[in-house]
Amino acid sequence: LVFPKGRYDFWAQHAIEKDYHETNTYDVNPKILAVLLEQINDLTIDGNGSEFIMHGRMQPFTLDHCRNITLKNFSVDWEIPLTAQGIVTQSTSGYLEIEIDSHQYPYIIENKRLTFVGEGWKSSLWAIMQFDPDTHLVLPNTGDNLGWRSYDATEVKPGLIRLSDPKKEADKFFPAPGTVLVLRHSTRDHAGIFIYHSMDTKLENVKLFHTCGLGILSQYSKNISFNDVHIIPNTSKKRVLSGHDDGFHFMGCSGLLKIENCSWAGLMDDPINIHGTCSRIMEVLSPTRIKCKFMQDMSEGMEWGRPDETIGFIEHKTMRTVATGKMNKFEALNKAEFIIELSAPLPAGVEAGYVIENLTCTPDAEIRNCHFGSCRARGLL
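If you're wondering where the values come from, they're calculated on a predicted model, not measured in any experiment.

Enquirer: Looking at this model, I keep getting lost on the overall build of the protein chain. Mind explaining?
Expert: In terms of regular secondary structure, the protein chain is built from 0 helices and 31 strands. Relative to the 2.2 N^0.38 estimate, which gives 21 Å for 381 residues, the radius of gyration of the protein chain is 22 Å and therefore close to what a compact globule would have. Overall, the C-alpha framework of the protein chain stretches about 70 × 55 × 40 Å when taken along its three principal axes. For the protein chain, restricting intrachain contacts to residue pairs at least 6 apart in sequence, the fraction spanning at least 24 positions comes to 71%.

This is the structure in structure tokens:
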């Protein structure tokens with residue numbers, strides 16, 4: 001499928017809607033899907049250098065139970081991004097004044113809150129990050145100082161906002177005039193590209209300039225190759241921000257994750273995060289049945305495992321894997337709790353309070369010739 005080179009606009013009100021429980025993402029459903037590939041095999045989508053521009057809160061690409069899909073030669077951006085940006089014009093011990101491009105980042109003042117508005121959404125400022133105006137790097141020692149959660153906002157004149165500090169909170173900071181601020185207001189509720197229960201996926205020559213949450217989220221997928229994939233700011237729009245949170249996020253994957261010639265910058269979280277999801281044994285129901293629970297709300301609703309997959313049993317105080325077993329069946333009781341039926345009796349000594357890990361869903365990773373730019377959190381987790 002070849003797109004003639006050009007600009008293609010995707011609108012949330014025309015998109016497919018479907019429920020997905022995406023790890024490390026708020027459980028806002030249904031997800032709004034610009035492009036859904038469901039049970040599709042052996043397909044290449046070639047953007048031929050095109051721009052794919054999103055409008056509203058949405059997930060640009062979703063691969064659901066697909067095999068041998070290649071996405072290449074395009075960029076993804078938003079007409080109105082889900083994170084805003086401004087420049088400090090005045091900074092005192094009592095207030096900040098911030099210049100905001102209201103064309104790129106439309107806003108209103110609502111109940112003394114700086115509230116950004118877009119196509120079908122609005123959300124209020126809740127945290128601020130600081131970037132150097134010359135280098136566009138996160139200013140040293142400010143990455144986790146996400147201040148200004150309480151404030152009074154007033155409009156000095158169109159495009160100039162004053163944030164005052166009525167509570168005199170100790171965690172406030174007053175960056176120097178000229179500092180570029182990333183103004184966080186929305187939540188992480190959609191990935192940029194979601195690769196779900198899919199095999200042999202390739203991305204080549206792709207740029208994600210922005211997302212609603214995690215950049216490229218791969219969940220329960222096998223054998224993934226990213227070559228020349230970049231989650232970076234759109235400098236043509238004078239942006240220092242790029243994706244909303246992590247760049248490449250892998251949960252419960254297997255096979256080989258091959259990442260080459262990629263780069264990240266201006267992220268609010270990790271460039272690469274590879275992990276599984278451990279869950280707690282809440283109750284031993286029988287020698288072969290255990291009741292377990294997702295212990296973090298951004299894991300709830302997921303399918304923890306499938307028949308014949310290998311389970312590791314972890315002693316939670318030492319984090320040692322003390323035994324392994326096989327799973328026969330996964331049964332969800334609700335979004336947070338589930339029952340696992342084992343193929344053999346529970347190993348001796350394993351009891352409520354222990355933790356289970358899916359050892360089958362553990363990938364190898366090969367990461368070469370990549371550039372980890374200035375982001376808020378870690379580089380490779």
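The discussion continues.
Enquirer: What's the story with the pairing of strand β25 (residues 289–293) in this structure? I'm lost.
Expert: Side-chain direction in a regular strand flips from residue to residue, so the side chains alternate between the two faces of the sheet. A one-sided burial pattern is seen for β25, the buried positions being Ile-290 and Cys-292 and the unburied ones Arg-289, Lys-291 and Lys-293. Of the pairings in the sheet, the one linking strand β24 (residues 279–286) to β25 comprises 5 bridges and is antiparallel in character. Each residue of the ladder has a partner; that of Ser-286, found in β25, is Arg-289. Hairpin geometry of β24 and β25 is characterised by an intervening segment of 2 residues between the two adjacent antiparallel strands. As paired strands, β25 and strand β28 (residues 337–342) are joined by 5 bridges and run antiparallel to one another. In the strand pairing of β28, Ile-290 is matched with Ile-340.

Enquirer: Please clarify how the nonpolar core should be interpreted in this entry.
Expert: Within soluble globular proteins, side chains that are nonpolar tend to cluster in buried spots. Counting residues in each nonpolar core, the largest one holds 62 residues, and the members touching the most others are Phe-116, Ile-216, Phe-226 and Phe-248. Among the elements that make up this core, the one with the highest residue count is strand β6 (residues 67–78) (5 residues). Counting 28 residues, the second-largest nonpolar core is a separate cluster that includes Trp-304, Ile-311, Leu-346 and Cys-361.

Enquirer: What is the right way to read the packing of aromatic side chains from this model?
Expert: Per the stated rule, a full pass over the model turns up 17 aromatic pairs. A ring pair is formed by Tyr-8 and Phe-52, whose centres lie 5.9 Å apart and whose planes are at 75°; its orientation type is edge-to-face. Of this pair, Tyr-8 sits in strand β1 (residues 7–11) while Phe-52 sits in strand β4 (residues 41–55), and the two are 44 residues apart along the sequence. Taking relative accessible area as the criterion, Phe-52 reaches 0% and is therefore assigned buried.

Enquirer: Where do I start with unusual backbone geometry in this structure?
Expert: Trans is the prevailing form of peptide bonds, just as negative phi is the prevailing case for residues other than glycine. The step from Asn-29 to Pro-30 runs through a cis peptide bond, and the omega angle for that step is 0°. In this fold, Pro-30 is placed in the loop between β2 (16–18) and β3 (31–38). Located in the positive-phi region is Asn-141, a residue other than glycine, with phi close to 65°. Asn-141 gets classed as exposed once you look at its relative accessible area, which sits at 81%. Phi is positive for Tyr-220, which is not a glycine, with a value near 50°. Among the secondary structure elements, Tyr-220 is positioned in the loop between β18 (216–219) and β19 (222–231). The class of Tyr-220 is buried, set by a relative accessible area of 9%.

Enquirer: Any chance you could explain the sheet that holds strand β10 (residues 113–117) here in plain terms?
Expert: Sheet strands associate in pairs through backbone hydrogen bonding, adopting either a parallel or an antiparallel arrangement. Strand order in this open sheet of 3 strands is β9-β10-β11, and the pairing throughout is antiparallel. Pairing within the sheet leaves two strands with one partner each, and these edge strands are β9 (107–110) and β11 (122–124). The sheet shows a mean angle of 30° between the axes of neighbouring strands, direction not considered. Summarising the sheet, β9 and β10 pair through 4 bridges and their orientation is antiparallel. Within the sheet, the bridge partner assigned to Glu-110 lies in β10 and is Arg-113.

Reading the values: rules and limits
- Residues numbered from 1 in each chain as written.
- Predicted model: local features only at pLDDT ≥ 70, side-chain atom pairs only at ≥ 80, totals over all residues.
- Heavy atoms only, no water.
- Helix = DSSP H or I, 4+ residues; strand = E, 2+ residues; numbered from the N terminus.
- Rg over C-alpha atoms; globule rule 2.2 N^0.38 Å.
- Contact = heavy atoms within 4.5 Å.
- Buried < 20%, exposed > 50% of the residue type's maximum accessible area, 1.4 Å probe, protein only.
- Pairing = 2+ DSSP bridges.
- Core = buried A, V, L, I, M, F, W, Y, C linked by side-chain atoms within 4.5 Å.
- Phe/Tyr/Trp six-rings, centres within 6.5 Å; stacked < 30°, edge-to-face > 60°.
- Axes fitted to C-alpha atoms, helices over the stretch in contact; angles between N-to-C directions.

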